Amino acid sequence: MLEVKNLKAYIDTPAGIVKAVDDVSFSLKAGETIGIVGESGSGKSVLALSLMQLNPSPPTFYPQGEILLEGKNLLHLKEKELRNLRGNDIAMIFQDPMSSLNPIFKIGTQLMEAIRTHQNINRAEAKKKAIVLLKDVGISDPERRMNDYPHQLSGGMRQRVMIAIALAGKPKILIADEPTTALDVTIQAQILDLMKDIQKKYGTAIIIITHDLGVVAQLADKIVVMYSGRIVEEGKTEDIFYHTAMPYTWSLLRSMPRIDTSSRERLIPIQGQPPNLVSPPEGCNFNPRCPFATADCLKIDPSLTERGVGHYAACILSEKIFEEGKLQLENFETKGVPL
Amino acid sequence: MLQYTIRRLFSLIPVMCIVSIIVFMIIHLTPGNPAHLILGEDASEESIKQLEEQLGLDQPIVMQYVNWVKDIVTGDFGQSVYSSEPVLDIILGRLGPTFSITIVSIIMILVISIPIAIAAVWKRNTLIDPLFISISLLGVSIPEFWFAMLLVLGFAVSIPLFPVAGYIPMADGIFQWLYHLILPSFVLAAVEIGLVARMLRDGMLESVNQDYIRTARAKGVKESIVLMKHVFSNALIPTTTVIGAMVAGLLGGTVIIETMFTIPGMGQLLVDSIYRRDYPIIQGVILFIAVVYVIVNLLVDLLYTFLDPRIRYD
Ligand SMILES: Nc1ncnc2c1ncn2[C@@H]1O[C@H](COP(=O)(O)OP(=O)(O)OP(=O)(O)O)[C@@H](O)[C@H]1O
Ligand SMILES: [Mg+2]
């Protein structure tokens, strides 16, 4: 349904051109959930906003690529055609529910606006639909809540309202950019449950962006790992967790609490800083931080190669070297065996 | 909301006390004997004595103040030294023209600055924006009297589109009334247009990159509606704070404009009374302007809470 081909999204800044999304390809089938993970600054949000053509432009521009939604290339659509698409075919919810709702309008007004933008119905009908939507996203006493202003709701409630707004046009694709990052843990779980329910009920395909692998493990069929504007590994959720083929993914997994194994494991942060996206390092972008980097890694810029069915990774190390390296490193860390 | 209004009303009491003291002191702060000053060099002892009695200047100063405030509260602003008419009547007679110029220029300010600000933000990535900034800066820095003369020369003398001066009351024909007001009101508005448009533009540019604007766009809302509904109404909140200052500017401006266009309003009355050393009128006019200013600022505060639900007091 959605196919992104060799997309580049660059940002023109005083410091130079930021290659926020650099030659990214992936596809999404109807009803599927795909998780995009990566550190802060890896280009996840810019990629997500590209899909809605909502990056401020200038400074953002798209020097290359295609975003095909049911065959139509979004990069070539006119503003009016894009508007018809936004909220209708693709909808989006954002990281910070505190700032994502207009503080001076009632939530009912904002929800009804979403409904009436794409449906030619009167206020009374829109109001009825809005109340149903609020009920669907688990807001109690929706009639009364319609008259509340955003500041009168808790963070979790506001994110529910954002989801209701996103669902107003019955979109085929819902993009959720870190929908739970700003919420506390119990609320996070509730919002994720809600998204699962929504998917069942509405059959929406979901793109969920996060740096929390626990979140994608619960929701996603497929995971795309991004590093410095590129996809470095992609595959089914099990493959990413259990047949990790790229040192960055492996480091990312080690730096996060796991919910499926005992939590006594030590968390090991990734060393170093994310690369400068204006002038990325020579060779593999991850080489300055990679514990297994070889001389070749400084020269060769790896492209994605197939590692299994639908499992791709960008790394020139052979599986054997990677496995041995991991073992050595773990022995060193736990038992002090010298490298 | 009601409670907040009442609280704000009470907070006006100390402000009004200070204002009244300052206004009262005007007559005493000028060096020399006020009665002497009013009547001139060669006034007789007798007439000075008489005036001092009439103004109450022979009593202790605190008593004078108490009596003065008492009189004002009962609506007695004293008499004009020059014409012996009650000050209140004189002021009320001059209210119409000043009120008219102020209202017409406020309407001009809004009608001109709002579309300009929206256009500047709409075309924010083009040359329109720097152009707008230069013009608004120019507008703020041009001296009113100079601009007034320029306009009179241009649009009343060279091209006789508008009358050079004068005022027609609304009762004598609304068209003539407006026709005579356009030039003076525009001069008065010019400075504030630049200021208000600039405030609005800055507020809108602040708001245009906020997350909730992205949400509105993600809903598929038209950019023009995004700007006029979501961005503009958020930009109004910081802009209302300058409205108080704007009204002060307008009231001050009428003094110059009314004199230049010979409009018989409060500004002209003030200037004339200063020449005539007619202290009761000077005090009355200044007190009146101060009260208007305080009331406008109270209304702005209430408007503020109305515009921004986050600070609505309940
Ligand atoms: N408007 C902009 N101007 C300049 N640089 C930008 C802009 N927007 C994003 N970037 C840069 O693009 C890169 C990718 O940013 P992006 O917001 O997509 O990261 P992210 O993966 O979403 O990170 P996070 O987890 O913090 O949300 C970053 O280096 C960021 O600094
Ligand atoms: Mg982001």
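Residues numbered from 1 in each chain as written. Chains lettered and ligands numbered in written order. Predicted model: local features only at pLDDT ≥ 70, side-chain atom pairs only at ≥ 80, totals over all residues. Heavy atoms only, no water.

Which residues make up the interface of chain B and chain A, and what values do they have?
Taken together, the contact pairs 23 residues of chain B with 25 residues of chain A. Together chain B and chain A conceal approximately 2100 Å² of surface at their shared face, both sides included; 60% is due to carbon and sulfur atoms. Here chain B is connected to chain A by 2 salt bridges. Of the charged contacts, one joins Lys229(B) and Glu113(A) as a salt bridge, the two residues approaching to 3.0 Å between their closest N and O atoms. (Contact = heavy atoms within 4.5 Å. Buried area = accessible area lost by both parts, 1.4 Å probe. Salt bridge = Lys/Arg side-chain N within 4 Å of Asp/Glu carboxyl O.)

Just give me the short version of the UniProt feature "domain: ABC transmembrane type-1" (unreviewed entry) in chain B, but keep the residues and values in it.
Here the UniProt feature "domain: ABC transmembrane type-1" (unreviewed entry) sits at residues 95–304 of chain B. Between the end C-alpha atoms of residues 95–304 of chain B there is a gap of 28 Å, over a span that is 83% helix and 0% strand. (UniProt positions renumbered as here; feature names shortened; annotations may be inferred. Helix = DSSP H or I, 4+ residues; strand = E, 2+ residues; numbered from the N terminus.)

Can you break down the nonpolar core residue by residue, with the values?
One finds Phe26(A), Ile175(A) and Ile207(A) to be the most contacted residues of the largest nonpolar core, which totals 106 residues. If one sorts the elements of this core by residue count, helix 6 (residues 155–167) of chain A sits on top with 8 residues. Composition of this core by domain shows at least three residues from each of domain 1 (2–220) and domain 2 (243–335) of chain A. Apart from the residues within four sequence positions on either side, Ile175(A) is in contact with Ala48(A), Leu51(A), Met52(A), Ile90(A), Ala91(A), Met92(A), Ile93(A), Ile207(A) and Ile209(A). Counting 39 residues, the second largest nonpolar core, distinct from the first, contains Leu183(B), Val231(B), Ile257(B) and Ile263(B). (Core = buried A, V, L, I, M, F, W, Y, C linked by side-chain atoms within 4.5 Å. Buried < 20%, exposed > 50% of the residue type's maximum accessible area, 1.4 Å probe, protein only. Domains from an automatic or database assignment.)

Summarise the sheet that holds strand 2 (residues 16–28) of chain A; cite the residues concerned and give the values.
Sheet strands associate in pairs through backbone hydrogen bonding, adopting either a parallel or an antiparallel arrangement. All names here are of chain A. Here 4 strands make up an open sheet; going across it, the order is 2-1-4-5 and the pairing antiparallel. The open sheet is flanked by strand 2 and strand 5 (72–73), the only strands paired with a single partner. Where strand 1 (residues 2–13) meets strand 4 (residues 60–69), 7 bridges bridge the pair, whose relative direction is antiparallel. What sits directly across from Tyr10, in strand 4, is Phe61. Along the sheet face, helix 1 (residues 44–52) touches strand 1, strand 2 and strand 4 and points at about 115° away from the line of strand 1. (Pairing = 2+ DSSP bridges. Axes fitted to C-alpha atoms, helices over the stretch in contact; angles between N-to-C directions.)

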